[in-house]
Amino acid sequence: MDTTPDDPHHDSAATKPLLSKPYPTLEPPIASISEAEEDQSQFLQISYNYGPRPLKDLPFLILFSLLLLSTFALGIFASVNRNPHRHDISYFAYDVASSSCVSVHVRSPRPFSSNSSKSNLFEVGDSSISPNSNLVADFIYISSHLGRFDLVNFVNSTDSSAWVSLIWTLVVTLIVSVPFLFLVLLLLKHYTKQIVYASLPFFVIVPIFVNVYWFVACTVSSTCSEAFPLAYRIVVLIFVFLIIGVIVWIFVVNWHRIELTVRVIGVASTALLKNLGLFGALPALTLGLLVCYVPIVLFLVFSSSNGEIVPREDHGEYVCVWKQDSWVPAYYTLAILTMLWSATIMVEAQVYVISGTIAQWYFSKDDSPPKHGIRSSLRNAFGPSFGTICFSGLLICIVRMVRSIVDNARQEDASGIVNLILRCCANALLSAVDFLNKFTINFAAITGEAYCSAARMTYELLKRNLLSAVFVETVSTRILSGIVLVLSAIYAILVCVLLKAAVHLGDDAYFIAFIAWILLMVVLGFFVHVLDNVIDTVYVCYAIDRDRGEVYKQDVHEVYVHLPISRSHRAGFVPRATNVV
């Protein structure tokens, strides 16, 4: 039969060789296709979870709740069952008939009269607190005589004008620090480059000025020169100059990244200005932690009064001594661990709230801050994701405790190959935990995932998009810390000059200026902490955007696209096409 070119059998007959079987097409199995599509769809669904979130990491939430409830329950028991004779050992003597310590002098509270001195109300030798005194009076007694510290004499030993100047300086610093913080934030948004480049010389000028000034002032002063010999002053002077040289070397090595750092700080400042409510929510979390600490500290004080006065043989004679209950040291350990874990939970909760709020702003269609963004982040942090925060806080608490032990061992100069191996293993473990914890809470705040799932998905997200799992832009933190140091130092110098010129204070002006510098450093350090977490959150949001092939914030992509990619994937990198949302 003749075939025509239009015959469908013509092509197949012409292209197939005779007496040969057609090879099967190399197509992947259907199961593999569906699995790959399922994984890809899972990757594409990574975005901010606005819907209801299930409870995650519930065992750690239950563990922390039990620890906190146990601390409070045992603390209440210790407060109620304390021994009122804890500080009356001198009024007890050994009784041979009963083979126990009995009270030989019963004291009664002195009636307060107008002629009685207020300083005699709580005397150590003859305390006016009766065995039936209340908790407040007992706490005042313990606090006022702990270590025989006389606060009144300490205050009277200092000039009253110096105390007044110190109080007013601290009050003015606290009041000024709030608008000063917002002014710095506005300047970093609009004049980031100018602020950074103008501050860089001061990173060297201010330390040099302070170093030379104290050296000259101490040399001129006879008191300082006698207490601090010339050889020691020269050693300290050279040591500080060496530190300044290290700072200069760090900036010279990283000079090529300064421009990128400027742009990263500008983007983060813009995001933070859109969510100024964070500066109210985050200090409230710190205040809540302090409120939680107050009863625990009181419980620790009252638990020391749980015990009894018992006889003890000393050189053939029986004396009465205080014997603490056996469970009190265990309660100390429980309460201190609860306080440490609560502190790390508070820090992680702040990171969670920052990440959730900034992510809602990032994934919004317009540039306006989302409605109830902070409230939603707080509800998620202390609701479905509180177990995740407890888990992360526990890991950080353990890491810090182990790191403290390792540092103490290093300072004690423990020798031996076993100690060296243990130290290396501990450092490797701590580095692995830091690597795991990086961006995990940020990702959990965005998606609501459990801790382990968030850690795995974060690593896979950054790996798929050829981004470093360890954030490369650490220069921004150093520059921000340097700016804070410079601004605080300038403020302290102005305070010192004003106190010397207006109030005519002597050497006390240096101490007051130093305290003001510390206070402003704490406030601005909190600002740097918040801005660092904003930078990390925007980095994760940028990675999600890049993974989905979308652009929610064009100005963020224009900056973060210049960040170095992962070193293990530099070769053959082809950027993914993106669609502007």
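Coordinates for the structure precede this section.
The model shown is predicted, which means the values in this text are computed figures rather than measured ones.

Peer 1: Looking at this model, I keep getting lost on the overall build of the chain. Mind explaining?
Peer 2: From N to C terminus, the chain includes 20 helices and six strands. For the chain, buried positions account for 39% of its 581 residues. Contacts in the chain between residues at least 24 apart in sequence constitute 76% of all its contacts with a sequence separation of at least 6. Accessible area of the chain: about 33000 Å², with a carbon and sulfur share of 67%.

Peer 1: Before we go on, may I ask you to explain the packing of helix H6 (residues 160-190) against helix H19 (residues 508-548) in this structure?
Peer 2: Any two packed helices are characterised by the angle at which their axes cross and by the distance between the axes. The interhelical angle for the contact between H6 and H19, taken along N-to-C directions, is 30°, at an axis separation of 9 Å. As the angle between them shows, H6 and H19 are arranged roughly parallel. Read as a crossing pair, H6 and H19 show a hand that is right-handed. Split by residue class, the contact of H6 with H19 holds 19 nonpolar, four polar and one charged.

Peer 1: It is not clear to me how the state of the cysteines should be interpreted in this structure. Could you clarify?
Peer 2: The term disulfide refers to a covalent linkage connecting the sulfur atoms of a pair of cysteines. Applying the stated criterion across every chain yields a total of two disulfides. Note that cysteine 218 is cross-linked by a disulfide to cysteine 224, the S-S spacing being 1.9 Å. Handedness here is read from the sign of the S-S torsion; for cysteine 218 and cysteine 224, about -90°, the answer is left-handed. Exposure remark for cysteine 224: the relative accessible area of 28% places this residue in the partly exposed category. In the chain, the bonded cysteines, taken in the order they occur along the sequence, pair up as 1-4, 2-3.

Peer 1: For this particular structure, what's the right way to read the pattern of salt bridges?
Peer 2: A side chain of one charge can pair with a side chain of the opposite charge if their charged atoms are brought near each other. For the structure on display, the rule yields three salt bridges. Across the pair glutamate 460 and arginine 456 runs a salt bridge, and its minimum N-O distance is 3.5 Å. Highlighted residues: glutamate 460 and arginine 456, both in helix H17 (residues 451-464), separated by four residues, approximately one helical turn. The shortest N-O distance in the salt bridge between glutamate 550 and arginine 548 comes to 3.3 Å. Classification of arginine 548 by relative accessible area gives partly exposed; the value is 23%.

What counts and how
Residues numbered from 1 in each chain as written. Predicted model: local features only at pLDDT ≥ 70, side-chain atom pairs only at ≥ 80, totals over all residues. Heavy atoms only, no water. Helix = DSSP H or I, 4+ residues; strand = E, 2+ residues; numbered from the N terminus. Buried < 20%, exposed > 50% of the residue type's maximum accessible area, 1.4 Å probe, protein only. Contact = heavy atoms within 4.5 Å. Areas by Shrake-Rupley, 256 points an atom, 1.4 Å probe, with all protein chains shown as cover. Axes fitted to C-alpha atoms, helices over the stretch in contact; angles between N-to-C directions. Parallel < 35°, antiparallel > 145°, perpendicular 65-115°, else oblique. Left-handed = near helix turned anticlockwise from the far one by under 90°. Nonpolar A, V, L, I, M, F, W, Y, C, P; charged D, E, K, R; others polar. Disulfide = S-S within 2.5 Å. Salt bridge = Lys/Arg side-chain N within 4 Å of Asp/Glu carboxyl O.

By themselves, these observations are geometric and do not establish any function.
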